[in-house]
Amino acid sequence: MTSSAWSPVERLDAAQIAAELEEQTGVPLVVEGLGSGGNVGAAVVRWQDGHRSILKWRPGVRLPDLEAGPLAVTEAARVAGVPAPRTELAVQLGTAIATVQELLPGAPIRRLDDHGLTQALDFNSLHAGLLRDRSDVPAQDLFLDHDGPGFCLHGPLRAHNRRTARIEDWVREVGAAYPPLLEGVDAVHFDYHPGNLLAVDGTVTGIIDWDGAARGDRRFDLVTLRFGVHSEPPLGRVTPRLDAILDALPADVLRPLWAVMSLRMVDWAIRHYTPAAVEHWADLAEQRID
């Protein structure tokens, strides 16, 4: 079976979603262009009063689940001082959710430098314990022994080549040794990479794309950040600093987190990018496979 058997994730059709939103809510939004954040896509829209926001779309999600999970986590982070966007509108459109969120200032960071890393680590520390009293917020599934909802698919790794199949074998081995959910009481962004950090003149002004946010262990976001800087070579000592942080984590913390990101990134590369990209992510995954 070839990788073409697994289709890529469907992307946002901003004009269509804006039209459906207006039909259902009576709120007219003018699509101005593409926005930043997310692999499924985002668009800049303008309200009747002239202010601009970000339109996003998530297939296969129920509004109550979004409100109890990612939206609750994002709001808890905002209250704690994290520059996360305010959600202005969330509407069920068939089997998908359309959200309209605050447009934060700044542009995505392409290459993280030491100053940016320090800020990212400081914001991550604010996530600690934020959901201690929110047992109603679901914990994050790790997907180590089953497929995730459109990401973390196991089949593409098994079928692509021997190297990726070995990575998938290791992922399942780790999954058999650890709980299926990410335990903890922290806010977890779940996609904490430089492209989701907005900055103006080197100062982080926004953290976007909280669509997968959940309750768990904030250190997951540090592993995600390490994978994130593998996309574009960072500046300064970003990589060794992050590696030192991960080296200091207990093995029973790091192994399942590294397994999740290895599965996630290699699967995504197989389905969306080139064979060279698959090898790129496999190189990183294998650095910590024991």
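Quick note: structure is the one above.
These numbers come from a predicted model, not from an experiment.

### Considering the environment of G150
In this fold, G150 is placed in the loop between β7 (140–141) and α5 (155–160). Using a relative accessible area of 29% as the deciding quantity, one classes G150 as partly exposed.

### Some thoughts on the environment of R219
Examined against the element boundaries, R219 turns out to sit in helix α7 (residues 219–228). Linking R219 and I245, residues 26 residues apart in sequence, is a C-alpha distance of 9.7 Å. With sequence-adjacent residues up to four places away left out, R219 is seen in contact with L249, P250, V253 and L257.

### Digging into unusual backbone geometry
Phi is positive for C152, which is not a glycine, with a value near 55 degrees. One non-glycine residue with positive phi stands out, namely D209, at about 65 degrees. With respect to the helices and strands, D209 occurs in the loop between β11 (203–207) and β12 (214–216).

### Describing the sheet that holds strand β6 (residues 107–108)
The sheet built from 3 strands is open, its strands ordered β6-β10-β11 with antiparallel pairing. The strands lining the two open edges of the sheet, one partner per strand, are β6 and β11. Sheet topology note: the strand β10 (residues 197–200)/β11 ladder contains 4 bridges and is antiparallel. Bridge assignment links A199 to a residue of β11, and that residue is V204.

### Topic: the packing of aromatic side chains
Taken as a whole and judged by the stated rule, the model has 5 aromatic pairs. For the ring pair F227 and W281, a centre distance of 6.3 Å and an interplane angle of 10 degrees mean the geometry is stacked. With F227 in helix α7 and W281 in helix α10 (residues 275–285), this residue pair connects regions lying 54 residues apart in the sequence. Given the relative accessible area of 7%, W281 is considered buried. Here the aromatic residues F143, F151, F190 and F220 are joined through ring pairs into a cluster of three or more. The positively charged end of R264 is found above the aromatic ring belonging to F151, 5.7 Å away from the centroid. It is R264 that lies over the ring of F190; its NZ or CZ is 4.8 Å from the centre.

### A few points about helix α1 (residues 14–25)
For an α-helix, the turn length of 3.6 residues means that residues three or four places apart are oriented alike. If you check α1, its first and last C-alpha atoms are 16 Å apart, about what 12 residues at 1.5 Å a residue would give, namely 16 Å. Turning to α1, its buried residues number three or more, namely A14, I17, A18 and L21. Angularly, the buried residues of α1 cover 100 degrees about the axis, an arc narrow enough to put them on a single face. In α1, those exposed residues whose orientation departs by more than 90 degrees from the buried face are A15 and E23. Buried residues belonging to α1 abut β1 (30–34), β2 (42–46), β3 (52–59), β4 (87–93) and β5 (96–102).

### Some thoughts on the packing of helix α4 (residues 114–126) against helix α8 (residues 238–247)
As a packed pair, α4 and α8 sit with axes 9 Å apart at the nearest point and diverge in direction by 30 degrees. Of the possible angle classes, the one that applies to α4 and α8 is roughly parallel. Side by side, α4 and α8 meet where D114, L117, T118 and L121 of the first sit next to V238, R241, L242 and I245 of the second. Its residues assigned to classes, the contact of α4 with α8 shows 5 nonpolar, 1 polar and 2 charged.

### A word on the sheet that holds β5
Strand order in the open sheet formed by 5 strands is β1-β2-β3-β5-β4, and the pairing between neighbours is antiparallel. The strands lining the two open edges of the sheet, one partner per strand, are β1 and β4. Each adjacent strand pair in this sheet contributes to an overall mean axis angle of 30 degrees, direction not counted. Sheet topology places β2 next to β3; 5 bridges connect them, and they run antiparallel. Counted as the bridge partner of A42 is K56 from β3. Each of β1, β2, β3, β4 and β5 is contacted by α1, which is oriented at about 90 degrees to β4, the strand it contacts most.

### Re the pattern of salt bridges
Across all of its chains, the model carries 23 salt bridges by this definition. Residues E88 and R86 are paired through a salt bridge, measuring 3.6 Å at the closest nitrogen-oxygen approach. Residue E88 is classed as partly exposed on the basis of its relative accessible area of 24%. Residue R264 pairs with D191 through a salt bridge whose shortest N-O separation is 3.1 Å. One end of the pair, R264, is in helix α9 (residues 251–272); the other, D191, is in the loop between β9 (186–188) and β10, and 73 residues separate them in sequence. Take D191: its relative accessible area is 15%, and that puts it in the buried class. In the salt-bridge network here, residues are joined through shared partners; they are R163, E279, D283 and E286.

What counts, and at which threshold
- Residues numbered from 1 in each chain as written.
- Predicted model: local features only at pLDDT ≥ 70, side-chain atom pairs only at ≥ 80, totals over all residues.
- Heavy atoms only, no water.
- Helix = DSSP H or I, 4+ residues; strand = E, 2+ residues; numbered from the N terminus.
- Buried < 20%, exposed > 50% of the residue type's maximum accessible area, 1.4 Å probe, protein only.
- Contact = heavy atoms within 4.5 Å.
- Pairing = 2+ DSSP bridges.
- Phe/Tyr/Trp six-rings, centres within 6.5 Å; stacked < 30°, edge-to-face > 60°.
- Lys NZ or Arg CZ within 6 Å of the ring centre and 35° of its normal.
- Expected span 1.5 Å × (residues − 1).
- Arc of directions from axis to C-beta.
- Axes fitted to C-alpha atoms, helices over the stretch in contact; angles between N-to-C directions.
- Parallel < 35°, antiparallel > 145°, perpendicular 65-115°, else oblique.
- Nonpolar A, V, L, I, M, F, W, Y, C, P; charged D, E, K, R; others polar.
- Salt bridge = Lys/Arg side-chain N within 4 Å of Asp/Glu carboxyl O.

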